[in-house]
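Here are the chains, one letter per residue:
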Amino acid sequence: FIQRFTRLFNLMKFNKKDLNLLSKVIASRRDVRGNNFINKKISNKKLNIILNSALHAPSVGYSQPWHFILVNKEKRDLVYDHFSKSFEKSKDKFLDKPLYNSLKLEGIKESNINIAVYYKKSTSNILGQTYMKRTGEYSVVCAILNMWLTARALNIGMGWVSILKPKKINKIFDIDKNEYKFIAYLCFGYTKEFYNEPELKKLKWNKKKKLKDCFLK
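The model shown is predicted, which means the values in this text are computed figures rather than measured ones.

Criteria and thresholds
Every chain's residues receive numbers from 1 upward, in the order its sequence appears when written. Two thresholds apply to this predicted model, a pLDDT of at least 70 for residue-level local features and 80 or more for giving and counting side-chain atom pairs, whereas whole-chain, interface and lining totals are computed over all residues. Computation of side-chain values covers all heavy atoms of the structure but excludes hydrogens and water. Paired strands, in this sense, are two strands between which DSSP finds at least two bridges. Here a helix means four or more residues in a row that DSSP labels H or I, a strand means two or more in a row labelled E, and each is numbered from the N terminus. As a rule, the C-alpha atoms of each element are fitted with a line to give its axis, helices using only the stretch in contact, and angles between N-to-C directions run from 0 to 180 degrees. For Phe, Tyr and Trp, where Trp contributes only its six-membered ring, two rings pair if their centres lie within 6.5 Å, and the inter-plane angle classes them as stacked under 30 degrees, edge-to-face over 60, or tilted in between. Partly exposed residues are those whose accessible area sits between 20% and 50% of the maximum for their type, while under 20% is buried and over 50% is exposed, using a 1.4 Å probe and protein chains only. Orientation is classified from the angle alone, with under 35 degrees giving roughly parallel, over 145 giving roughly antiparallel, 65 to 115 giving roughly perpendicular, and any other angle giving oblique. Contact criterion: two residues are considered in contact whenever any of their non-hydrogen atoms come within 4.5 Å of each other. Basically, the charged four are Asp, Glu, Lys and Arg, the nonpolar ten are Ala, Val, Leu, Ile, Met, Phe, Trp, Tyr, Cys and Pro, and anything else, Gly included, counts as polar.

**Q** Would you mind going over the sheet that holds strand 2 (residues 113–120) with me for this structure?
**A** Through backbone hydrogen bonds, the strands of a sheet pair up, either in parallel or in antiparallel fashion. Strand order across the open sheet formed by 4 strands is 1-2-4-3, with antiparallel pairing between neighbours. Edge positions in the open sheet fall to strand 1 (66–70) and strand 3 (157–161), since each of these has one partner strand only. Averaged over all pairs of adjacent strands, the angle between strand axes in this sheet comes to 30°, irrespective of strand direction. Note: strand 1 against strand 2, 5 bridges, orientation antiparallel.

Structure representation (structure tokens):
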């Protein structure tokens, strides 16, 4: 049976319908904030689907360097307090954009599940990482994108909170910075809606690039 399944998997091909569905999921991905999460629990089954999707991400030298922390309420409150202070300080950097002060940029308390994502630093040579050291961190980001798209396919929103200082986050979770590197703080939950376009685009914070604008000249 296993040999038959493996043979069928190896022969697997996708059609235009599959491509259209994948494209739809990618185009519908959104960074969800606290003003859009609702009070609805994510089942363990769906959480496991999201986490397992991370394991299928590409990783340099098949190192699979991603590690996760499911954040409890006590730690969540500490992260929120740190975020609030960091956000207030960050306002000085956007004095030319008053809109920044009114933006809701996280969903730490409103979301159902918070996950901290770490990169485990290598202690030996990793295939493909001998010159580009940060490819291990890039691998973790690939895992995060898998989680983001899988959550969206489950009609679950995800928000990436980035106004955080890694040193402070490490202290909250008692993480040794010599062994692990903080990559992301993620908030998952069901939403009121998924916007038809990115929120910052709707608010005219920035314009969407066209493909031709993405090539180096």
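Let's pick the thread back up.
**Q** Looking at this structure, I do not really get the packing of aromatic side chains. What am I missing?
**A** Within a pair of aromatic rings, the relevant descriptors are the distance that separates the centres and the angle that separates the planes. One pass over the full model with this rule turns up 7 aromatic pairs. With 5.8 Å between their ring centres and 55° between their planes, phenylalanine 94 and tryptophan 205 make a pair best called tilted. In this pair, phenylalanine 94 sits in the loop between helix 4 (73–90) and strand 2 while tryptophan 205 sits in the segment after helix 7 (199–202), placing the two residues 111 residues apart along the sequence. Ring centres 6.2 Å apart and planes at 40° place the aromatic pair tyrosine 100 and tryptophan 205 in the tilted group. Placement of the pair is tyrosine 100 in the loop between helix 4 and strand 2 and tryptophan 205 in the segment after helix 7, with a sequence separation of 105 residues. Across the pair, exposure class does not vary: tyrosine 100 and tryptophan 205 are buried alike. Three or more aromatic residues joined by ring pairs make a cluster, and in this case those are Phe83, Phe87, Phe94, Tyr100 and Trp205.

**Q** Before we go on, may I ask you to explain the packing of helix 2 (residues 16–28) against helix 5 (residues 135–153) in this structure?
**A** Angle between the axes and distance between the axes: these two values describe a pair of packed helices. Viewed as axis vectors pointing N to C, helix 2 and helix 5 meet at an angle of 105°, and their least axial separation amounts to 9 Å. If you check the angle between helix 2 and helix 5, you find them roughly perpendicular. Here Val25, Ile26 and Ser28 of helix 2 lie close against helix 5, whose contacting residues are Leu149, Arg152 and Ala153. By residue class, the composition of the contact of helix 2 with helix 5 is 4 nonpolar, 1 polar and 1 charged.

Limitation: the analysis is restricted to geometry and does not speak to function.
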